[in-house]
Amino acid sequence: MDFNVKKLASDAGVFFTRAVQYTEEKLGQAEKTELDAHLENLIARADCTKNWTEKIFRQTEVLLQPNPSARIEEFFYEKLDRKIPSRTTNAELLGQYMQDAAKEFGPGTPYGSTLITVGEFQRRLGGAEREFLHISAINFLTPLRNFLEGDWKTISKERRLLENRRLDLDVCKARLKKAKLAEAKSAAEHELRVAQTEFDRQAEVTRLLLEGISSTHVNHLRCLHEFVEAQAAYYAQCHKHMQDLQKELSSANGDTFPNAFAVNASTSGVSAGPSPLSPATLPGASPPGRPPNPSNALESSTLKIEEVKPPATGTRKAKVLYDYDAADTSELSLLADELITVYTVPGMDPDWLVGERGNQKGKVPVTYLELLS
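Basis of the calculations
- Residues numbered from 1 in each chain as written.
- Predicted model: local features only at pLDDT ≥ 70, side-chain atom pairs only at ≥ 80, totals over all residues.
- Heavy atoms only, no water.
- Helix = DSSP H or I, 4+ residues; strand = E, 2+ residues; numbered from the N terminus.
- Buried < 20%, exposed > 50% of the residue type's maximum accessible area, 1.4 Å probe, protein only.
- Contact = heavy atoms within 4.5 Å.
- Areas by Shrake-Rupley, 256 points an atom, 1.4 Å probe, with all protein chains shown as cover.
- Pairing = 2+ DSSP bridges.
- Axes fitted to C-alpha atoms, helices over the stretch in contact; angles between N-to-C directions.
- Phe/Tyr/Trp six-rings, centres within 6.5 Å; stacked < 30°, edge-to-face > 60°.
- Lys NZ or Arg CZ within 6 Å of the ring centre and 35° of its normal.
- Parallel < 35°, antiparallel > 145°, perpendicular 65-115°, else oblique.
- Left-handed = near helix turned anticlockwise from the far one by under 90°.
- Nonpolar A, V, L, I, M, F, W, Y, C, P; charged D, E, K, R; others polar.
- Expected span 1.5 Å × (residues − 1).
- Core = buried A, V, L, I, M, F, W, Y, C linked by side-chain atoms within 4.5 Å.
- Patch = residues over 30% accessible without salt bridge, like charges linked within 9 Å, V, L, I, M, F, W, Y side chains within 5 Å.
- Salt bridge = Lys/Arg side-chain N within 4 Å of Asp/Glu carboxyl O.

(A) How the structure looks around the overall build of the chain. On a plain count of helices and strands, the chain comes out with eight helices and five strands. Its helices and strands taken in sequence order, the chain reads α-α-α-α-α-α-α-α-β-β-β-β-β from the N to the C terminus. A buried classification covers 31% of the 373 residues belonging to the chain. At a minimum sequence separation of 6, the contacts of the chain that also span at least 24 residues come to 69%. Summed over all atoms, the accessible surface of the chain reaches about 23,500 Å², with 57% contributed by carbon and sulfur.

(B) Just the sheet that holds strand β5 (residues 369–371), in detail. Strands sit in the order β4-β3-β2-β1-β5 across an open sheet of five strands; the sheet is antiparallel. Here the strands that pair on one side only, and so sit at the sheet edges, are β4 (360–365) and β5. In this sheet, adjacent strand axes meet at a mean angle of 40° when their direction is disregarded. Relative to strand β2 (residues 339–343), strand β1 (residues 316–320) runs antiparallel, the two being bridged by four bridges. Among the inter-strand pairings, Lys317 is bridged to a residue of β2, identified as Thr341.

(C) The packing of aromatic side chains, seen in detail. What the rule picks out here adds up to eight aromatic pairs. Taking 5.2 Å as the distance between ring centres and 45° as the angle between the ring planes, the aromatic pair formed by Tyr234 and Tyr235 counts as tilted. Residue Tyr234 is classed as buried on the basis of its relative accessible area of 15%. Over the ring of Trp352 we find Lys363; its NZ or CZ atom is 5.7 Å from the centre of that ring.

(D) Quick look at the packing of helix α2 (residues 37–64) against helix α5 (residues 110–178). Closest axis-to-axis distance for the α2/α5 pair is 10 Å, and the angle between their directions is 150°. Here α2 is positioned roughly antiparallel relative to α5, judged by the angle of their axes. The element α2 and its partner α5 pack so that their crossing is left-handed. Here the residues of the contact of α2 with α5 are counted per class, giving 15 nonpolar, four polar and six charged.

(E) Quick look at the environment of Val118. Turning to its location among the elements, Val118 is positioned in helix α5. Between the C-alpha atoms of Val118 and Gln246, which are 128 residues apart in sequence, the distance is 9.5 Å. Dropping the residues within four chain positions of it, Val118 is found in contact with Met98, Leu245 and Leu249.

(F) Molecular detail of the pairing of β1. Residues Arg316, Ala318 and Val320 of β1 are buried on one face, while the alternating residues Lys317 and Lys319, pointing to the opposite face, are not. As judged from the three bridges shared by β1 and β5, these two strands associate in the antiparallel manner. Its bridge partner being in β5, Val320 is matched across the sheet by Leu369.

(G) A look at helix α4 (residues 90–105). With 16 residues, α4 ought to run about 22 Å at 1.5 Å a step, and its terminal C-alpha atoms sit 22 Å apart, in line with that. Buried residues in α4 make contact with α5. Positioned one or two residues after α4, Gly106 has a phi angle of 110°, which is positive.

(H) How the structure looks around the pairing of β4. In this structure, strand β3 (residues 352–357) lies alongside β4, joined through six bridges in antiparallel fashion. Note that in β4 the partner of Trp352 across the bridge is Pro365. Taking the residues between adjacent antiparallel strands as the criterion, β3 and β4 are bridged by two residues, where Gly358 takes a positive phi near 65°.

(I) Structural detail: the nonpolar core. Grouped together as the largest cluster of nonpolar side chains are 32 residues, with contacts concentrated most on Leu35, Leu39, Phe132, Leu162 and Leu210. Of all the secondary structure elements, the ones that give two or more residues to this core are α2, α5, α6 (182–211) and α7 (213–256). By residue number, the principal contributor to this core is α5, which donates 13 residues. When near neighbours in sequence (up to four residues on either side) are disregarded, Leu210 contacts Leu39, Leu42, Ile43, Ala46 and Ile155. Core analysis: the second largest hydrophobic core is formed by 21 residues, Leu332, Val342, Val354 and Val364 among them.

(J) Up close: the environment of Glu120. Following the sequence through the fold, Glu120 ends up in helix α5. Judged by relative accessible area, Glu120 falls into the partly exposed class, the value being 32%. Sequence separation between Glu120 and Leu245 is 125 residues; the distance between their C-alpha atoms is 9.4 Å.

(K) Highlighting α6. The terminal C-alpha atoms of α6 lie 43 Å apart, and with 30 residues this matches the ideal 44 Å at 1.5 Å per residue to within 8%. For α6, every residue scored as buried is listed here: Ala188, Leu192, Ala195, Phe199, Gln202, Ala203, Thr206 and Leu210.

(L) Structural view of a nonpolar patch on the surface. Together, Leu221, Leu224 and Val228 line one region of the surface with nonpolar side chains, adding up to about 260 Å² of accessible area. Residue position: Leu224 is located in helix α7. Residue classification places Leu224 among the partly exposed residues on the basis of a relative accessible area of 41%.

(M) A look at the pattern of salt bridges. Inspection of every chain in the model, using the stated rule, returns 17 salt bridges. Among the salt bridges present, the one from Asp170 reaches Arg166, with a minimum N-O distance of 2.7 Å. Taken as a pair, Asp170 and Arg166 lie in helix α5 at a separation of four residues, close to a single helical turn. Residue Asp170 is classed as buried on the basis of its relative accessible area, which comes to 3%. With a closest N to O distance of 3.9 Å, Glu356 and Lys361 form a salt bridge. Salt bridges here are not isolated pairs; linked through shared partners, they connect Arg58, Glu61 and Arg145.

The quantities given are spatial measurements derived from coordinates; they are silent on function.
Structural data, given as structure tokens:
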């Protein structure tokens, strides 16, 4: 390693001279060449672009990879110019655990088979997430990083050169003012012309680079559209997977649990409610069709609403989703948004519950209710 003492001393001298010059400018004791207004506006716009691009970039990284340790690891892989290893997403890991658990519990059991189904869909969700992360990194993060680590570094370098040229120009102006002899003035004027030329040339180079910020905005706008499209596609894919999973579970549970609200009718009351994502709970949804009249022979022959007593435990509050007109005296009419108490009794049709409102009592359709705690 070469150690140039002369260069070190020269650099130290320049640093000291600059420090003195900056101090005198701050105190108003030295002349300072001001940049033109257009260039100042370009610099302010560039600084604003850099600051917000950096914040958006960092927060997008947090969104795509919440684990700070994983982000640090990816950073080192990028700096070492090595391929980032593929990671298993949390959903994929959950799906694997569920399927492994199903093998232990028995894939032929209701719980085991359901774990296999849910686990498979969790892995699909993880695959969709992996694809979204990959697309977002390429189409959105990479362009932002290229600007911060490429274009912005070039702009910063040229701005530092411009600042040095300005300081040199101000030194020449001060030297010319102090020159008294004709020969000294002539030399100072020559140095001033050279410094002015260098300053003007560097100002033009810097201006051209700063004006390129507009094209950077256009490029980032396109990348932002691509990021939103990838995000929308990811969420749509997740929504489809969950809808498919709900259908599979609904059809499977229909055989395993014919009455989802009374798994053990002799001991328990209401135990489940409609899914918060079911169509019945969506704003503006149409009321479901009236459930068929109970055809259960046991219910029709032995169940008398006026003789039904609420169980000691198992009653729940329910919010009425739609108006309902009772078809006969055994049913209870409902008004949307009111709260009633519901429960089930042995031998009751699974599409119906017993509802109470004050002294009124009657059967109510499950699909018209949202069960609360």
